[in-house]
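Residue-level listing of the chains:
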Amino acid sequence: EAARKAAAAAEAAHKEAEAAEAARKDEAKLAAELAVAQAAEAEAAEATTKLKEAEAARKAAEAAEAVQAATRDASALKEVAAAELAAMGFEDAELVRGVVDKNTGAEGVNLERCVTALTALSEVEWDTMLDDLAEMGFDDRALNIKMLVMSDGSINKTVKQLVNTKETKEAAKQPMELD
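Everything quoted here is computed from the prediction, not taken from an experiment.

(A) Looking closely at the confidence of the model for the chain. Chain-level pLDDT for the chain is 85 on average; 91% of the residues reach the 70-or-more range. Element-level mean pLDDT values for the chain span from 78 in helix α6 (residues 155-173) up to 89 in helix α1 (residues 2-87).

See below:
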């Protein structure tokens, strides 16, 4: 009887050991499956991040392309307006370019305002004013024309703008002094 009890106890212990081993194997298998699932989840998160980055890059590229197209379109509109103004007899290309730049907005080039400005400005003695500005030390003809156009032909306003521009450039060249 004692041998039978011992054998039964041994059998029970063996079955418990087998069950414990099976539980450890199941636990290890579940841990491995969890690790695989976590790795897959991390890969999915990384793929989602890369997808979002690619989408953002695509949108940025599209926006840059749209800006370039708009710039090309604006330049083309300005060229067409300048050609139309030249055909009307406004021959000073720099003056026409300055007036077109001044009268270009979000809606495009306002040709009527360009004609009005060029007509008014053509009455001004440009060569004399440009010579006067050059004698004052303002040698950048294109800038002088731009400033004259922006100030509607006023030599006083032009000189003030040029002085401010010149002072700003000179101040930028000067080294900063620390007290």
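Now, onward.
(B) Region of the structure containing the pattern of salt bridges. Inspection of every chain in the model, using the stated rule, returns eight salt bridges. One salt bridge in this structure joins Glu 11 and Lys 15, with 4.0 Å as the shortest N-O distance. Within this pair, Glu 11 and its partner Lys 15 are both found in helix α1, separated by four residues, close to a single helical turn. You can call Glu 11 partly exposed: its relative accessible area is 42%. Several salt bridges converge on common partners, so that one network encompasses Glu 55, Arg 58 and Glu 62.

(C) Representation of the packing of α1 against helix α2 (residues 93-102). Interhelical geometry of α1 versus α2 gives an angle of 130° and a closest axis separation of 10 Å. Between α1 and α2, the angle is such that the two are oblique. Two packed elements cross with a definite hand, and for α1 against α2 that hand is right-handed. In contact with Lys 78, Ala 81, Ala 82 and Leu 85 of α1, α2 contributes Val 96, Val 100 and Asp 101. Of the residues assigned to the contact of α1 with α2, the class counts are five nonpolar, no polar and two charged.

(D) View of α1. Taking 1.5 Å per residue, 86 residues should reach 128 Å; α1 reaches 125 Å between its end C-alpha atoms and fits that length. Downstream of α1 by one or two residues, Gly 89 has phi in the positive range, about 110°.

(E) Region of interest: a negative patch on the surface. A cluster of acidic side chains, namely Glu 125, Asp 127, Asp 131, Asp 132 and Glu 135, defines a negative patch on the protein surface. By the secondary structure assignment, Asp 127 is in helix α4 (residues 126-135). Classification of Asp 127 as exposed rests on a relative accessible area of 53%.

Calculation notes
- Just so you know, the residues in each chain are numbered from 1, in the order the chain's sequence is written.
- With the structure being a predicted model, the display of local features is reserved for residues of pLDDT at least 70 and the display and counting of side-chain atom pairs for 80 or more, all residues being used for whole-chain, interface and lining totals.
- Side-chain numbers here rest on the full set of heavy atoms in the structure, without hydrogens or water.
- For every residue, the predictor states its confidence as a pLDDT score lying anywhere from 0 to 100.
- Where helices and strands are cited, they refer to DSSP runs of H or I of at least four residues and of E of at least two residues respectively, numbered from the N terminus.
- Here, a salt bridge means any Lys or Arg side-chain nitrogen found within 4 Å of an Asp or Glu carboxyl oxygen.
- Summary of the burial criterion: residues with accessible area below 20% of their type's maximum are buried, those above 50% are exposed, and those between are partly exposed, where the area comes from a 1.4 Å probe applied to protein chains only.
- Under this scheme, a helix contributes an axis fitted over its contacting stretch, all axes are lines through C-alpha atoms, and angles between N-to-C directions fall in the 0 to 180 degree range.
- Any angle that falls under 35 degrees is termed roughly parallel, while one over 145 is termed roughly antiparallel, one within 65 to 115 roughly perpendicular, and all others oblique.
- For any pair of crossing helices, the crossing counts as left-handed if the nearer helix is rotated counterclockwise from the farther one by less than a right angle, and right-handed if it is rotated clockwise.
- Only heavy atoms matter for contacts: two residues are in contact if any of them lie within 4.5 Å across the pair.
- In this classification, the charged set is Asp, Glu, Lys and Arg, the nonpolar set is Ala, Val, Leu, Ile, Met, Phe, Trp, Tyr, Cys and Pro, and all remaining amino acids, among them Gly, are polar.
- Helix span is expected to be 1.5 Å times the residue number reduced by one.
- Patch membership requires over 30% relative accessible area and the absence of a salt bridge. Like charges are linked within 9 Å, and nonpolar side chains (Val, Leu, Ile, Met, Phe, Trp, Tyr) within 5 Å.
- Every accessible area reported is derived by Shrake-Rupley at a probe size of 1.4 Å, with residue values counting cover from the shown protein chains alone.
- Counting rule for charge: Lys and Arg are taken as positive, Asp and Glu as negative, and neither His nor the chain ends is counted.
- Taken as the charge centre is NZ of Lys, CZ of Arg, CG of Asp or CD of Glu, depending on the residue.

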